[in-house]
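The residues making up each chain are set out below.
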Amino acid sequence: MAERKVLLERYDVPNIWELDVYRRHGGYATLDGLFAKSPTDWVEEVKASGLCGRGGAGFPTGVKWSFLAKGTGKPTYLVVNADESEPGTCHDRRLLERLPHQLIEGIINTCYAIDAHEAYVYIRGEYLEPYQRLVQAIREAEAAGLLGKTVAGQDFPLRIVVHRGAGAYICGEETALLSSQEGDKGQPRQKPPFPAVAGLYAAPTIVNNVQTISTIPHIVRHGAAWFAGINLAPESKSPGPRILSVSGHVQRPGIYEVETGTPFEELLYGLCGGIRGGHDLKSVIPGGSSMPMLPKDVILQTDTSFESIRKAGSQPGSGAVIVMDETTDIPTVVWRISRFYAHESCGKCTPCREGNPWSVKLLRRFVDGTARAEDLRILVEVAEAMEKNSFCPLGIAAAWATQGALKHFRHEFEARISHASAIAAGD
Amino acid sequence: MPVLSDATRASIREAAGQYPPGRQKSAVMPALYLAQDDAGHLNPEVLREVAELLRLAPVHVAAVATFYTMFEKAPHGKHIIDVCTCVSCQLLGGYDILAHLERRLGIKPGETTPDGRFTLREQECLGSCASAPVLQVGYRFHEELTTVKVDALIDELLQEGADG
Ligand SMILES: Cc1cc2nc3c(=O)[nH]c(=O)nc-3n(C[C@H](O)[C@H](O)[C@H](O)COP(=O)(O)O)c2cc1C
Ligand code: SF4
Ligand code: FES
C-alpha cells in the first residue's frame, strides 16, 4: 500500500499540538543543523528535492525562492497561504489544527533560507479553531525562545503574525491575498511583478501553501535525495509525499498522504475502501472543483503524479479528490460548482462577473429538464469566453468545470434537452 | 460618544501595532472582527468609529466590510447556523440537511427565527469535505451529519438558551 506518512506521521499522537509533546516526538530537531549551513545552501537543497508547491499551481518551491529580488533595501516577507477554500480541500485545516508546530518549524526553516524576519499566516476566517490552535502554538514557541528576538539562541530574529481572512475564496489567490492583508478588498493584481519581486507592502515576498511549508522540515532533516526518492512514477518531476483530501462517494473519505505516482485505483479501492454501497464509480475530480472532471475509465489509468493527472486532461490543483458514483447527476453537480464560482467572483472583470451567473442560469435549466437546444451552444460559448478573457484563474477554473463535464458527459446534458423538447412538443 | 468599549478600542490599536510602521491599514480586518464581537454587527456608526481609530477613510472601511461575507452588516440571531451545500456536501446530502433545518426552524436560508435564537444560512465549502455533510454553529464544526444529529444539536442549543 502506497500510503506514505511523513507530514502526517505524528498526526494521531495525543496532544501533538502542544510544544512539549511535539518536541518529544522529534519536533524542532531541524534547528540543530539549520544554522550550520548558509541560507543559499538551503535554497539549493529545496530546489534539488524537487518539491512542488501544494497550493494549486504546483510551482517548484526552491526555484520560487531563488527568484526573490535582492538588494532592494526592503525587508523580505514570508506569507503562508492558509486560506484553504477550494471545494473538496480539507487537509490544510488538519495540519493547522493538529500540527501547528510542524508549520512553525517549517516557517523558521524557510525564513532562514530566504532571509526573512517577519512571517504572516493568512488563515481563512471560518477556521476559528485552527486559528486558535495556531496562535496558541506561536505563543508557546515564543515563550520557549523559538521565536522572537533570537531563534533558538541564534542571532536571527523572527516574528509570526496570524491574519484572519473573512470569507472570500478569491483571497486564496496570492495577489488577492496580499491586497487583502494590506487592508484592501481582496482582488487579484496584475502579474508581473510577481510577489517575489514586489509582494506584500511592495517588498519581495514568498507566498507558499501550508502543506508546502510543513514539508520543509522533513527536507531539512532528511535531505533532498531522500525526498526526491519518494516517487513511484520514474518519469515524474513532482516527487515526495502529498496529502490528498478524498471526499464524496467512497467508503472511507478522509485525508491520505501518499507517495507520488500512487495509482488512483489503489487510492480509491485500497485506501478508501472502494465506492460506497457497492455502487460503480462514475467520475472523479482529481484536484478540487477548479479542475476538469475525469470519467472512470480515464481516472483508473491515472496515478497521483502531477504529470499523469495533466496527461489525463486535468490538473493536480489543491489535491482534493472528489469521487462520484453512478447515481450522480452530472448537470446537478456542475450547476452547484458554477454557483460556487458565481458567488465567489470578485467582480473585477466582466467575463467572470457576468459569465458565471449566466452559466448558473443555463445549467439550472439542464437540472430542471427545461433546457432548449440552443442553451447547450450558449453554455459552451460562455465557458469559452470565460476561459479566454478572465483576468485571473478563478474565471478560467469556472469554465473548466463546465468544459470537463461536457467533454465526458455531454450525453447527460443532451438528454435534458430532448426531454424538454418532448414536453414542448406535447408528447 | 463612542459605541465601542474602551477595551475594544485598545485592542484595535494593539492590532494595528502588529503590522509594520505606516501599515495600519492592514489592521482593518482584525479591527472589524473586534468591533463586530463588541457591537454584534457592523452598522454605519461602528464602521465610522473603526475608520477613525485607524485613521482611514470611512468609505474605505465600508468597502472592505461589504467585500467579505463574514462581516455582519445586519443584526442576526443568537446562533448562526451555516450549512454547507457545496459539491462534496451536496454529494452526501447537504441539501437534505438544509431542508431539514428549514422545516425544524420554520425559516428559509438568510432568515432569523422570530424569537431571535437562530439565523440559518447556506454556505460554500467550509473545509470539512471529507467529513461531509457539515455545518458550523458560530464557526464551530459539526460533521458527518444526519437529520437525527441535527435535531440533537438544535435541542442542545435550545436547552442552552433555557439555562442561560
Ligand atoms: C482562485 C484561486 C484560489 C486559490 N486558493 C488557494 C488556497 O486556498 N491555498 C493555497 O495555498 N493556494 C491557493 N491558490 C494558489 C496561490 O495563488 C499560490 O499559487 C499558492 O499559495 C502558492 O503556494 P505553493 O507554491 O506553496 O503552492 C489559489 C489560486 C487561485 C487562482
Ligand atoms: S476572473 Fe473573476 S475572480 Fe478573477 S479577477 Fe476576474 S472577476 Fe475577479
Ligand atoms: S464541500 Fe462542504 S465542507 Fe467542503
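Each remark here, short or long, concerns the structure printed above.
Just so you know, these numbers come straight off a predicted model, no measurement behind them. (Residues numbered from 1 in each chain as written. Chains lettered and ligands numbered in written order. Predicted model: local features only at pLDDT ≥ 70, side-chain atom pairs only at ≥ 80, totals over all residues. Heavy atoms only, no water.)

Student: Please clarify how the site of ligand 2 should be interpreted in this entry.
Tutor: Residues and elements named next belong to chain A. Taken together, 13 residues lie near ligand 2, and C346, K348, C349, C352 and C392 sit nearest. In a pocket analysis with a 2 Å cut-off to the grid points, ligand 2 is assigned to the second largest cavity. Tallied by class, residues from the shell around ligand 2 come to eight nonpolar, four polar and one charged. (Near = heavy atom within 4 Å. 1 Å grid on protein atoms, 1.4 Å probe; cavity = no way out; pocket = protein on both sides within 12 Å on 5 of 7 lines; lining within 4 Å. Sits in = over half its atoms within 2 Å of the grid points. Nonpolar A, V, L, I, M, F, W, Y, C, P; charged D, E, K, R; others polar.)

Student: Help me understand unusual backbone geometry, please; the structure alone is not making it clear to me.
Tutor: Trans peptide bonds make up most of the peptide bonds, and negative phi angles are found at most residues other than glycine. Residue and element names in this part refer to chain A. A cis amide bond, omega -10°, links K191 with the succeeding residue P192. With respect to the helices and strands, the residue P192 is situated in the loop between α8 (174-181) and α9 (195-198). Positioned with a positive phi, D115 is a non-glycine residue whose angle comes to about 60°. By the secondary structure assignment, D115 is in the loop between α6 (100-114) and β2 (118-123). Even without glycine at this site, A202 takes up a positive phi of about 60°. (Helix = DSSP H or I, 4+ residues; strand = E, 2+ residues; numbered from the N terminus.)

Student: What is the right way to look at the site of ligand 1 in this model?
Tutor: Residues and elements named next belong to chain A. Within the structure, ligand 1 sits among 17 residues, and G55, K64, N208, N209 and T212 are positioned closest to it. One of the side-chain nitrogen or oxygen atoms of K64 is found 2.9 Å away from an oxygen atom of ligand 1. In the environment of ligand 1, an oxygen atom lies 2.7 Å from a nitrogen or oxygen atom belonging to the side chain of T212. Protein burial of ligand 1: of its 610 Å² of free accessible surface, 90% is covered by the chains. (Polar contact = N/O pair within 3.5 Å; in protein donor to acceptor, adjacent residues only side chain to side chain. Areas by Shrake-Rupley, 256 points an atom, 1.4 Å probe, with all protein chains shown as cover.)

Student: How do you make sense of the interface of chain B and chain A when you look at a structure like this?
Tutor: Often, the extent of an interface is quoted as the loss of accessible area upon association of its parts. Taken together, the 42 residues of chain B in the interface contact 59 residues of chain A. Across the chain B to chain A interface the summed buried area is about 4,000 Å²; carbon plus sulfur atoms make up 56%. Ranking the residues of chain B by area buried against chain A places F67, L91 and E124 of chain B at the top, with a combined share of 16%. Taken together, the links from chain B to chain A amount to six salt bridges. The tally of links between chain B and chain A comes to 29 residue pairs in polar contact (both at pLDDT 80 or more). (Contact = heavy atoms within 4.5 Å. Buried area = accessible area lost by both parts, 1.4 Å probe. Salt bridge = Lys/Arg side-chain N within 4 Å of Asp/Glu carboxyl O.)

Student: What exactly am I supposed to notice about the sheet that holds strand β3 (residues 159-164) of chain A here?
Tutor: Two pairing modes exist for strands in a sheet, parallel and antiparallel, and in both the strands are linked by backbone hydrogen bonds. All names here are of chain A. One open sheet accounts for four strands, arranged β3-β2-β1-β4; its pairing is parallel. Edge positions in the sheet fall to β3 and β4 (205-209), since each has one partner strand and no second. Direction aside, the axes of adjacent strands within the sheet are offset by 20° on average. Packing of α6 onto the sheet brings it into contact with β1 (77-82), β2, β3 and β4, and relative to β1 it is tilted by some 150°. (Pairing = 2+ DSSP bridges. Axes fitted to C-alpha atoms, helices over the stretch in contact; angles between N-to-C directions.)

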